[in-house]
Amino acid sequence: MKKYIIILICLLALGSLMAEIHGSAGEYGYQFLGIAPNPVSMALAGRGVLSGNSNSGWLFQPAATSFEPERYAGLSHSFWIGDTAFSTAYYGVSSRRRHTGLALRNLDYGKIEERDETGFLYGYYQPVDIAITANHAERITPYLYAGANLSVIYEKLDSASALGLSGDLGLLLFPPLENSRIALSYRNLGVSAKMDEERIKLPRSFDLDIYQGFGIAGHTLGVEASILKPVDDSWRYSLAADMELWQLLHLRAGYKFKDEAQGFSSGFGVQVMGFDLDYAFVPFSKGLSDVHSFGICYRF
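The model shown is predicted, which means the values in this text are computed figures rather than measured ones.

**Here's the deal with the side chain of Asp278**
Reasoning step 1: Turning to its location among the elements, Asp278 is positioned in strand E17 (residues 275–282).
Reasoning step 2: A polar atom in the side chain of Asp278 sits 3.0 Å from the side chain of Arg252.
Reasoning step 3: Discounting residues that sit within four places of it in the chain, Asp278 has contacts with Pro39, Val40, Asn55, Arg252, Phe268, Gly269, Val270, Ser293, Phe294 and Gly295.

Dropping the structure here:
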């Protein structure tokens, strides 16, 4: 147990190095890497990585997978802010010792008008944000799992574009408390080529998630608290709960603290005949449009 405590302390010390907002915060690109990959995560305050039904949650926490013998494939689509849309397609194979996954993420901005100084419309352009991510996680001991992601990322704005590599590292700890988990991750490490003569910086983030499950009258309530430190923003905090009823229905809700644009989120999920059907609703303030997210996953 001592070595797990040492690992925890080292990772927290690493996170403390990011305690202040970087002086060039506005120079960080690839922000779509921080969008919740599925409706489970969206409903659970943008995290939910330790929920057993967050099928592509490993995109945020590489070590947090079910580690149950199964294969699964899924799709999710979110009507994101404004006229944008965010989609994720993923596939995974897991056993009791390891997990391997592959995912494609895309943020679609639609067509954007190009006008000159007089307001004359002379064309359109379509920005592109794409990430292809591979995951592998292993059981190190019965109480410790480790995982890593490697992503090829691409960003295009008008005629300028950039290609990069991004990596995520994660640990999953099982403390000596029934139905509890602690996860740590360091995300978006890597490099990018220049876009229009300027190199894009990746939005690194240090994340800590703590989960505790409770049995209530034959049902299960999972509560997750998260602390995030993006390199280009201040500390972020969230709290989420997932109530599983009759091993069939999930009721979900979350709240982001100290977030001016977003607070509460909610959603539900239904499990039937090997399919997970999920929905999330995220209201935004400050004139931003609300977000609706839909997902389907098949386990086989």
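Continuing now.
**Let's talk about the environment of Ile81**
Reasoning step 1: Within the secondary structure layout, Ile81 lies in the loop between strand E1 (70–79) and strand E2 (85–94).
Reasoning step 2: Assessed through its relative accessible area of 24%, Ile81 is described here as partly exposed.
Reasoning step 3: When the C-alpha positions of Ile81 and Phe284 are compared, they lie 8.5 Å apart, and in sequence the two are 203 residues distant.

**A word on the nonpolar core**
Reasoning step 1: If you look at the biggest cluster of nonpolar residues, it comprises 22 residues, and the most contacted ones within it are Tyr30, Phe32, Ile35, Met42 and Trp80.
Reasoning step 2: Listed by contribution, the elements that provide at least two residues to this core are helix H2 (39–43), strand E8 (160–173) and E17.
Reasoning step 3: Other than its neighbours up to four places away in sequence, Tyr30 contacts Ile153, Tyr154, Glu155, Ala162, Leu163, Gly164, Ser192, Ile200, Leu202 and Pro203.
Reasoning step 4: Core analysis: the next-biggest nonpolar cluster, separate from the first, contains 9 residues, Val49, Phe60, Tyr145 and Ala183 among them.

**Looking at the side chain of Ser56**
Reasoning step 1: For Ser56, the position within the fold is in the loop between H2 and E1.
Reasoning step 2: Judged by relative accessible area, Ser56 falls into the buried class, the value being 0%.
Reasoning step 3: A distance of 2.8 Å separates a polar atom in the side chain of Ser56 from a polar atom in the side chain of Asn38.
Reasoning step 4: Sequence-distant contacts of Ser56, that is, excluding residues within four places in its chain, are made with Pro37, Asn38 and Tyr90.

**What to know about unusual backbone geometry**
Reasoning step 1: Residues other than glycine seldom take positive phi values, yet Asn179 does so here, at roughly 55°.
Reasoning step 2: Within the fold, Asn179 resides in the loop between E8 and strand E9 (180–192).
Reasoning step 3: Positioned with a positive phi, Gln247 is a non-glycine residue whose angle comes to about 50°.
Reasoning step 4: Residue placement: Gln247 occurs in the loop between strand E14 (236–245) and strand E15 (249–257).

**Some thoughts on the pairing of E17**
Reasoning step 1: Bridge count between strand E16 (residues 264–272) and E17: 7 bridges; the pairing is antiparallel. Bridging across to E17, Gly267 finds its partner in Ala280.
Reasoning step 2: Between E16 and E17, which pair antiparallel one after the other, the connecting turn spans 2 residues, and Met273 there sits at a positive phi close to 55°.
Reasoning step 3: One ladder, built from 8 bridges, connects E17 with strand E18 (residues 291–299); its direction is antiparallel. Residue pairing for E18: Tyr279 is matched across the bridge by Phe294.

**Focus: a nonpolar patch on the surface**
Reasoning step 1: Judged by side-chain polarity, Leu75, Tyr91, Trp246, Leu248, Val272, Met273, Phe275, Leu277, Ile296, Tyr298 and Phe300 come together as a nonpolar surface patch covering roughly 1,100 Å² of accessible area.
Reasoning step 2: The set of elements that each furnish at least two residues to the nonpolar patch consists of E17 and E18.
Reasoning step 3: Its location among the elements puts Tyr298 in strand E18.

Parameters and conventions
Residues numbered from 1 in each chain as written. Predicted model: local features only at pLDDT ≥ 70, side-chain atom pairs only at ≥ 80, totals over all residues. Heavy atoms only, no water. Helix = DSSP H or I, 4+ residues; strand = E, 2+ residues; numbered from the N terminus. Polar contact = N/O pair within 3.5 Å; in protein donor to acceptor, adjacent residues only side chain to side chain. Contact = heavy atoms within 4.5 Å. Buried < 20%, exposed > 50% of the residue type's maximum accessible area, 1.4 Å probe, protein only. Core = buried A, V, L, I, M, F, W, Y, C linked by side-chain atoms within 4.5 Å. Pairing = 2+ DSSP bridges. Patch = residues over 30% accessible without salt bridge, like charges linked within 9 Å, V, L, I, M, F, W, Y side chains within 5 Å. Areas by Shrake-Rupley, 256 points an atom, 1.4 Å probe, with all protein chains shown as cover. Salt bridge = Lys/Arg side-chain N within 4 Å of Asp/Glu carboxyl O.

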